[in-house]
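Spelled out from the first residue to the last, the chains are:
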Amino acid sequence: MIETCSVADLERLELDLLLDAVKTRYGYDFHDYAKASMIRRVRKYMDGKGIDHVSELIPLFLHDNRAFYRFVKSLSVVVTEMFRDPDVFKVLREEVIPVLKTYPFIKVWHAGCASGQEVYSMAILLEEEGLLDRCQIYATDFNDDALQLAKKGIYPAKDIELYKKNYRLSGGKSRLGDYCVSLYDSIKINSRLAERVTFANHNLVTDGVFGEMHLVMCRNVLIYFNEQLQDRALTLINDSLCPRGFLCIGRRENLKFSQIRNYLEDVSNTLRIYRKLGS
Amino acid sequence: MSWISVGNKPRAVVLGASAGGINALGFLFSELGEDFSLPILVTKHVGLNDDRGMLRVLARQSTLPIKVAKDKHRILPGTIYLAPAGYHMLVEEQGVVSLNLEAPVAHSRPSIDVLFQSAARVYGQELVAVVLTGANRDGADGIRTVKGFGGTTVVQCPETAEMGFMPKASLDTGCVDYLVTLEEIPAFLDQIGGA
């Protein structure tokens, strides 16, 4: 027995027990998720239910699978935008697209696509470069609710000014308004852009390699993992890239903890765009 | 300043600032002793693509190494980490920074509350949290959490801050240990974190 147990120690213990229970009962293993973000989600869920102690979630999740699945969905809710980091899209347009144009058929994978803003940003970019019709875009997430949102392509109209600004800065060749319609307080992305997109459930933690991709976009997904899990996910992604394929991760993420760094050369290290070395 | 009494030797300092914060942080970092030995994690509200500019301005003035944090950056002693624009910055148990993209908190991403609440869980009593100038109420919930986990809480006197609203909101929680002027903060920090 430990003589003194601080509030923080106790909460950590409770969280570990909860994750053990969840793993045994449902097979989801969240032990290697970044704990700081995880505890925020747990606390938020508890606040909504008026629960005081993390350990009280153990009986709840063991006996009420709907409550558990609602919690899982809340774990991966992110709030993002179209053409986030416009300079990344600019370099994709100027340095990556010209290479992709040399292939007869192109496969792009958005790993962890969340609500899909980035998928449509990419589809617009490919359309403007005359590539969309020979592309297959895979947009995957382990959260079915997020996939449903992504499939619909409907976003709050209040964000459109930011999207437009990002689009312009990214080197957009037209007007963003050409790719969507306004619906009251929402915008809806033209369904034509979704024609080449396959939305599918895939879990980077538990599922396998995805096929020979020419470009993998996995931005701001790894931040939710600890270093070990980041390395595991990155290895899976590297194995899903064709020789000389491209990888783009989030601007504030890094490959330092991963062995795959050795198999990649820089397109732009500051913008986190890499290219797989030939085999 | 013999009036300072911090229970445990702190392991880290977290700072929150908003409007007026660049001037306040610039002054603070220029006055800190070069032997300051604790890591300093800073959330300053900043426009979406503006963290490079903020880094440039503060790096010119700082006596300590300063960087914009990247995900899973190891937190080193005597180093200043700025939350990157557009992300929340949090602290992990293993002494690394992590980032996330959850919705803005108190209309802010990065949010001071998010940094303070995660740091409180990792450092407990060995944390010093400081709220500086600003015009919204981010930081107040964070101050409450830091206090709840036994840390030390410090707020800039609202009357002397460029923007008093944010320090006032933190002060109103009733969870503040020290009320200090900006000019007093470097000496305060040097006393707890100098070599």
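Residues numbered from 1 in each chain as written. Chains lettered and ligands numbered in written order. Predicted model: local features only at pLDDT ≥ 70, side-chain atom pairs only at ≥ 80, totals over all residues.

Since the α-helix packs 3.6 residues into each turn, any two residues three or four apart lie on the same face. Residues and elements named next belong to chain B. Those residues of helix H4 (residues 140-148) not exposed but buried are Ala-140, Asp-141, Gly-142, Ile-143, Thr-145 and Val-146. Contact partners of the buried residues in H4: strand E1 (12-17), helix H3 (112-123), strand E7 (127-131), strand E8 (152-156) and helix H5 (165-171). Positive backbone phi, approximately 90°, marks Gly-150, located one or two places after H4. (Buried ≥ 20, exposed ≤ 12 C-beta atoms within 10 Å, placed from the backbone. Helix = DSSP H or I, 4+ residues; strand = E, 2+ residues; numbered from the N terminus. Contact = placed C-beta atoms within 7 Å.)

What follows deals with the sheet that holds E8(B). Residue and element names in this part refer to chain B. Taken in spatial order, the 7 strands line up as E3-E4-E2-E1-E7-E8-E9 in an open sheet, and their pairing is parallel. Pairing within the sheet leaves two strands with one partner each, and these edge strands are strand E3 (66-68) and strand E9 (178-180). Within this sheet the neighbouring strands show an average axis-to-axis angle of 20°, counted without direction. Looking at chain direction, E1 and E7 are connected through 5 bridges and run parallel. Across the sheet, Val-14 pairs through a bridge with Ala-129, a residue of E7. (Pairing = 2+ DSSP bridges. Axes fitted to C-alpha atoms, helices over the stretch in contact; angles between N-to-C directions.)

Residues and elements named next belong to chain A. Sheet architecture is open: 7 strands sit in the order E6-E2-E1-E7-E8-E10-E9, paired in mixed fashion. Looking at strand neighbours, the two that pair on one side only are strand E6 (197-201) and strand E9 (264-268), the edges of this open sheet. Strand after strand, the sheet turns through a mean of 20° between neighbouring axes, direction not considered. Of the strand pairs in this sheet, strand E1 (residues 106-111) and strand E2 (residues 135-141) are connected by 6 bridges, and their pairing is parallel. Within E2, the position partnered with Lys-107 by the bridge is Gln-136. Those strands touched by helix H6 (residues 117-128) are E1, E2, E6 and strand E7 (213-218), and its axis lies near 170° from that of E2. Running over the sheet, helix H9 (residues 227-239) touches E1, E7, strand E8 (241-249) and strand E10 (273-276) and is turned about 140° from E8.

Moving on to unusual backbone geometry. Cis geometry is adopted by the peptide bond preceding B:Pro110, which originates at B:Arg109 and carries an omega value of 10°. Looking at the element boundaries, B:Pro110 is found in the loop between strand E6 (96-100) and H3. Despite not being glycine, A:Ala114 shows a phi value in the positive range, around 50°. Structurally, A:Ala114 is set in the loop between E1 and H6. Its 24 C-beta neighbours within 10 Å are what place A:Ala114 among the buried residues.

Residues and elements named next belong to chain A. Within the secondary structure layout, Phe-68 lies in helix H4 (residues 65-75). The exposure class assigned to Phe-68 is partly exposed, which follows from the 19 C-beta atoms found within 10 Å. In contact with Phe-68, other than residues within four places in its own chain, are Tyr-26 and Phe-61.

Moving on, we come to the interface of chain B and chain A. Quoted interface sizes are often the accessible area lost when the parts come together. On the side of chain A, 23 residues touch chain B, which itself brings 19 residues to the contact. Mapped by element, the contributors of at least two residues to the side of chain B that touches chain A are strand E5 (88-92), E6 and H3 of chain B. Taken together, the residues of the side of chain B that touches chain A sort by class into 8 nonpolar, 4 polar and 7 charged. (Nonpolar A, V, L, I, M, F, W, Y, C, P; charged D, E, K, R; others polar.)

Residues and elements named next belong to chain A. Structurally, Glu-212 can be placed in the loop between E6 and E7. Under the C-beta neighbour-count criterion, Glu-212 is labelled partly exposed, with 13 such atoms within 10 Å. Along the chain, Glu-212 and Tyr-26 lie 186 residues apart, while their C-alpha atoms are 31 Å from each other. With near-sequence residues (within four places) excluded, Glu-212 lies in contact with Lys-107 and Cys-242.

Glancing now at the nonpolar core. Judged by nonpolar contacts, the single largest core of 140 residues is most densely connected at A:Ala123, A:Val216, B:Val14, B:Leu41, B:Leu115 and B:Ala119. For this core, the element with the highest residue contribution is H3(B), accounting for 8 residues. When residues are assigned to domains, this core turns out to be shared by domain 1 (7-75) and domain 2 (86-276) of chain A, each giving three or more. If we skip the residues at most four places from it in the chain, A:Val216 touches A:Trp109, A:Ala111, A:Ile237, A:Ser240, A:Leu241 and A:Leu247. (Core = buried A, V, L, I, M, F, W, Y, C linked by C-beta atoms within 7 Å. Domains from an automatic or database assignment.)

Residue and element names in this part refer to chain B. Taken as a whole, helix H6 (residues 185-193) has its buried residues at Ile-185, Leu-189 and Gly-193. One side of H6 carries all its buried residues, which in axial view fall inside an arc of 45°. The secondary structure elements touched by the buried residues of H6 are E1, helix H1 (21-31), E7 and E9. (Arc of directions from axis to C-beta.)

Take the pairing of E10(A) next. Residues and elements named next belong to chain A. In this structure, E8 lies alongside E10, joined through 3 bridges in antiparallel fashion. From the neighbouring strand, Phe-246 faces E10, where its bridge partner is Arg-275. The sheet contact formed by E9 and E10 spans 4 bridges and is antiparallel. In the sheet register, Ser-268 faces E10, and the bridge partner there is Ile-273. Remark: 4 residues form the turn of the hairpin made by E9 and E10, two consecutive strands paired antiparallel; Arg-272 in that turn has positive phi of roughly 65°.

Residue and element names in this part refer to chain A. What the domain assignment reports for chain A is domain 1 (7-75) and domain 2 (86-276). Of note, the centres of domain 1 and domain 2, computed from C-alpha atoms alone, are 30 Å apart. Tallying the contact residues gives 6 residues for domain 1 and 9 residues for domain 2. A class-by-class count of the residues in the side of domain 1 that touches domain 2 yields 2 nonpolar, 1 polar and 3 charged.

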